[in-house]
Amino acid sequence: MQIAVTGADGTVGKQAVAALEGTDHSVTPLTHSESEELNSEIVDVTEPDEVSKALSGHDIVVHLAANPSPEADWEALRETLTSYYSANLGQPAIDPVRMLKLEFLKYRHNLSDQQVMGRTVTDVAFRYFLQVGVMFRPPDPSSLCRFRARLGEEGFRKVFDALVGQARQAGLVKDRLRLKDASHVVASIAVQTTLTIVAQVRDRLLSAAEPFDAEWVAGQRIETGLLRERTKEQPNESRLSTRVTHLQELVAWAEQQPAPADLETNPATAWAWEKFQKTLALARKILQDREPKANRKTLSVHDPEARRGKHGEFYDGYLVDIMMDADSEIITQVNVLAAGGDEARDAVDLVRGEQAAHGNQIESLSIDGAGFNGEMMRELEGAAESEEDTGLGVKTFVPPKAQPSGDRFTSDEFTPNEDESAVTCPAGETSRYRQRDTGRNATIYRFTREQCDGCPLLKRCVAKPHQGAFGRSVSKNDYEAEYRRARARAKTTQFEEVRRTHPAVERKLNEVLNHHGGRRARYWGRAKVHVQQLMTASVVNVKRMVTLLGQLRAESALEATATH
């Protein structure tokens, strides 16, 4: 008999083909994609015409094709994943697609590496999703850690973009409107005193320096013990001063160390030297944090990239920033910044990232008040007073900041001259002084006391007449035209409609952070926290794809029923 076997490259399919080939029957293996092990016929079992053609002439069909997650084509990610492996070095790798699925299950159910491996033993649904048999034994949990290190931030970003690409290919993601919002992620650290941080980085620097001068390091460790003994009864401020001085001496010594001679030829030396240089950079940062005007201080030597920020209340950690398609509610981009990061700058990066990954053109973007930023709006939309500069071509909807109330003349009522070297006030006087405020991207124009004191419009112009070295000062921002454009747009019905949809991205963030464990960082370091958020967003996206494509299939079935 002629026998067709669908899913012939699956775990069960391979066994079925092998058993049938030992009989007198003629076997046709059918697979979804080209197989290196089987001389199979490629057929998409979700396409009726292809199936009908492939099965024509067969007496029996052994149907073993099954996709445990029909809304995400995991096999399509294989090429991306295998690019991070060497085909000729080491033992054969654990199937990278299966490893990615294990990562997916971990974030889907908010499990640890140990827990997800345990569930693959006891949970039939896990095994079905992984496409493994009853004799399968999961790898050691540490293999997931190595898998994450192998792919890194770049690899997981590619996986995320590929899954979004599948949603686009299915017709789910539109380019009409993106919604952007950010929220805080609490770092996995215990915030320590400066005294402890200085001591910890000192010890780390000594350990990192040991491969290059073990004798000197041994001497410094003795010195550390003596300093600790001499200062143990002193106030903390004195103890801190002593430790800082010692750390400064260690940094000065470390900066004078020449690169080892075998740096280019010995991988172990190269690794140790890189660790030494990174630890030295961290020690410099800890010392800089002691400066009176230092900001963005290091909170922990374990996670030196975590920062203190405010999101309602103060927190220590990171900021996760997402951009979502308003029509499908699919997250299209994810980034992680240190706490207090520049959300406006990141909005541009998110738009650029999506358009580079998918070659699309986003029409418009809705962002909260952090986006009332002239530089960001100009990059997205182009200069408001230039027909040639169209920026990234993304129309921006952002709530404008409230303008000062009262009857005083605003800066808009002061007219700049042609070369913008001065402004003219409503009374016809011209400013005498000009200076740049680079921090605020503005030019400040000043009038003299003599010009203002005798002016009949003085009370409408100066808050405290006849005081100070100057008369009225006027600040003209470089992006005044962009701010005017944003304020004008905020008065339109289109703005109101867009802003009514904006809470959807806040609900999506709630799902990522509070339903799948994204609120607390699992790892140390911005890049690793970014990997966590990319995988969490991928989980949320696949769930959404299941819902949307299920609805489309139901609608198609109803339409087909209605036509018969």
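Calculation criteria
- Residues numbered from 1 in each chain as written.
- Predicted model: local features only at pLDDT ≥ 70, side-chain atom pairs only at ≥ 80, totals over all residues.
- Heavy atoms only, no water.
- Pairing = 2+ DSSP bridges.
- Helix = DSSP H or I, 4+ residues; strand = E, 2+ residues; numbered from the N terminus.
- Axes fitted to C-alpha atoms, helices over the stretch in contact; angles between N-to-C directions.
- 1 Å grid on protein atoms, 1.4 Å probe; cavity = no way out; pocket = protein on both sides within 12 Å on 5 of 7 lines; lining within 4 Å.
- Points joined across faces, edges and corners; volume = space filled by probe spheres on them.
- Nonpolar A, V, L, I, M, F, W, Y, C, P; charged D, E, K, R; others polar.
- Salt bridge = Lys/Arg side-chain N within 4 Å of Asp/Glu carboxyl O.
- Buried < 20%, exposed > 50% of the residue type's maximum accessible area, 1.4 Å probe, protein only.
- Phe/Tyr/Trp six-rings, centres within 6.5 Å; stacked < 30°, edge-to-face > 60°.
- Lys NZ or Arg CZ within 6 Å of the ring centre and 35° of its normal.
- Core = buried A, V, L, I, M, F, W, Y, C linked by side-chain atoms within 4.5 Å.
- Contact = heavy atoms within 4.5 Å.
- Parallel < 35°, antiparallel > 145°, perpendicular 65-115°, else oblique.
- Left-handed = near helix turned anticlockwise from the far one by under 90°.
- Expected span 1.5 Å × (residues − 1).

Novice: Which residues make up the sheet that holds strand β2 (residues 26-31), and what values do they have?
Specialist: Working definition: the strands of a sheet are paired by backbone hydrogen bonds and lie parallel or antiparallel to each other. On the basis of which strands lie adjacent, the open sheet formed by 4 strands has the order β3-β2-β1-β4 and parallel pairing. The two strands at the open ends of the sheet, each matched to only one other strand, are β3 (41-42) and β4 (60-63). With 5 bridges connecting them, strand β1 (residues 2-6) and β2 associate as parallel partners. Residue pairing for β2: alanine 4 is matched across the bridge by threonine 28.

Novice: Residue-level account of the sheet that holds strand β15 (residues 470-477), with values.
Specialist: If you trace the 3 strands from one edge of the open sheet to the other, you get β13-β14-β15, paired in antiparallel fashion. This sheet does not close on itself; its edge strands, each paired only once, are β13 (433-437) and β15. Between one strand axis and the next, the sheet turns by 25° as a mean value, whatever way the strands run. As paired strands, β13 and strand β14 (residues 442-448) are joined by 5 bridges and run antiparallel to one another. Residue pairing in the sheet places arginine 434 in a bridge with tyrosine 445 of β14.

Novice: Please provide a residue-by-residue account of the layout of surface pockets, values included.
Specialist: As a volume, the second largest pocket reaches approximately 810 Å³. What lines the second largest pocket is a set of 25 residues, and nearest its centre among them are Pro404, Ser411, Ser475, Glu480 and Arg487. Looking at the lining of the second largest pocket, the elements that each hand over two or more residues are β14, β15 and α15 (480-489). By residue number, the principal contributor to the lining of the second largest pocket is β15, which donates 5 residues. For the lining of the second largest pocket, the class distribution of residues is 8 nonpolar, 8 polar and 9 charged.

Novice: Before we move on, could you go through the pattern of salt bridges and cite the residues and values that matter?
Specialist: All chains considered together, the criterion is met by 35 salt bridges. Its salt-bridge partner being arginine 119, residue aspartate 123 comes within 3.0 Å of it at the nearest N-O pair. Given a relative accessible area of 18%, aspartate 123 falls into the buried group. Here lysine 543 and glutamate 511 are joined by a salt bridge, their closest N and O atoms 3.0 Å apart. Here lysine 543, found in helix α18 (residues 526-562), pairs with glutamate 511, found in helix α17 (residues 503-515); they are 32 residues apart in sequence, far enough to count as distant. On the accessibility criterion, glutamate 511 (18% relative accessible area) is buried. In the salt-bridge network here, residues are joined through shared partners; they are Arg168, Asp175, Arg178, Asp325 and Glu354.

Novice: An account of the packing of aromatic side chains is needed here, citing residue identities and associated values.
Specialist: Tallied over the entire structure, the rule returns 12 aromatic pairs. Pairing tryptophan 74 with phenylalanine 104 gives two aromatic rings, centres 5.0 Å apart and planes at 75°, and the pair type is edge-to-face. Of the two residues, tryptophan 74 is situated in the loop between β4 and α3 (78-82) and phenylalanine 104 in helix α4 (residues 96-108); the sequence distance between them amounts to 30 residues. Accessibility expressed as a relative area gives 8% for phenylalanine 104, which makes it buried. Both rings, one in tryptophan 216 and one in tryptophan 253, keep their centres 3.6 Å apart while their planes meet at 10°; by these two values the pair is stacked. Of this pair, tryptophan 216 sits in helix α9 (residues 214-231) while tryptophan 253 sits in helix α10 (residues 236-255), placing them 37 residues apart in sequence. Linked through ring pairs, Trp74, Phe104 and Phe129 together constitute an aromatic cluster. For arginine 489, the ring lying beneath its charged end belongs to phenylalanine 397, and the centroid distance is 5.7 Å.

Novice: Tell me what's going on with the nonpolar core, and back it up with residues and numbers.
Specialist: If you look at the biggest cluster of nonpolar residues, it comprises 62 residues, and the most contacted ones within it are Trp74, Leu100, Phe156, Val320, Ile331 and Val334. Setting aside chain neighbours within four positions, we find valine 320 in contact with Asp181, Ala182, Ser183, Val185, Val334, Asn335, Val336, Leu509, Leu513 and Gln533. Counting residues in hydrophobic clusters, the runner-up holds 24 residues, among them Leu195, Val201, Trp253 and Leu282.

Novice: An account of unusual backbone geometry is requested, with residue identities and associated values reported.
Specialist: At glutamate 329, a residue that is not glycine, the phi angle is positive and equals roughly 60°. Examined against the element boundaries, glutamate 329 turns out to sit in the loop between β7 (313-325) and β8 (331-338). Given the relative accessible area of 25%, glutamate 329 is considered partly exposed.

Novice: Let's hear about the packing of helix α8 (residues 194-209) against α9: which residues, and what values?
Specialist: Look at α8 against α9: their axes get within 9 Å of each other, and the N-to-C directions meet at 160°. The orientation of α8 with respect to α9, classified from their angle, is roughly antiparallel. Seen along the crossing, α8 lies across α9 with a hand that is left-handed. Listed contacts from α9 to Arg202, Leu206, Ser207 and Ala209 of α8 are Trp216, Val217, Gln220, Arg221, Thr224 and Arg228. Each residue belonging to the contact of α8 with α9 can be placed in one class, and the counts come to 4 nonpolar, 3 polar and 3 charged.

Novice: Give me α4: which residues, what numbers.
Specialist: Taking 1.5 Å per residue, 13 residues should reach 18 Å; α4 reaches 18 Å between its end C-alpha atoms and fits that length. When you tally the buried positions in α4, you get 11 out of 13 residues, the bulk of the element. All of the buried residues in α4 are Pro96, Val97, Met99, Leu100, Lys101, Leu102, Glu103, Phe104, Leu105, Lys106 and Tyr107. Residue asparagine 110 follows α4 closely and has a positive phi angle near 55°.

Novice: Quick rundown of the environment of glycine 550? Include the residues and the values.
Specialist: Note on placement: glycine 550 falls in helix α18. C-alpha of glycine 550 to C-alpha of leucine 350: the two residues are 200 residues apart in sequence and 29 Å apart in space.

Novice: Could you give an account of the packing of α4 against helix α5 (residues 113-122), naming the residues involved and the relevant values?
Specialist: Geometrically, a packed helix pair is captured by the angle between its two axes and the distance between the axes. As a packed pair, α4 and α5 sit with axes 9 Å apart at the nearest point and diverge in direction by 110°. Regarding the angle of α4 to α5, the classification is roughly perpendicular. Two secondary-structure elements touch here, α4 through Leu102, Glu103, Leu105 and Lys106 and α5 through Asp113, Val116, Met117 and Thr120.

Novice: Break down the side chain of histidine 530 for me, with residues and values.
Specialist: Looking at the secondary structure, you find histidine 530 in helix α18. A relative accessible area of 0% places histidine 530 in the buried class. Aside from chain neighbours lying at most four places away, what touches histidine 530 is Glu153, Arg157, Val334, Asn335 and Val336.

Novice: Outline the side chain of histidine 502, listing residues and values.
Specialist: Relative to the helices and strands, histidine 502 resides in the loop between α16 (493-501) and α17. Not counting the four nearest positions on each side in its chain, histidine 502 is found in contact with Leu179, Lys180, Ser366, Ile367 and Asp368.

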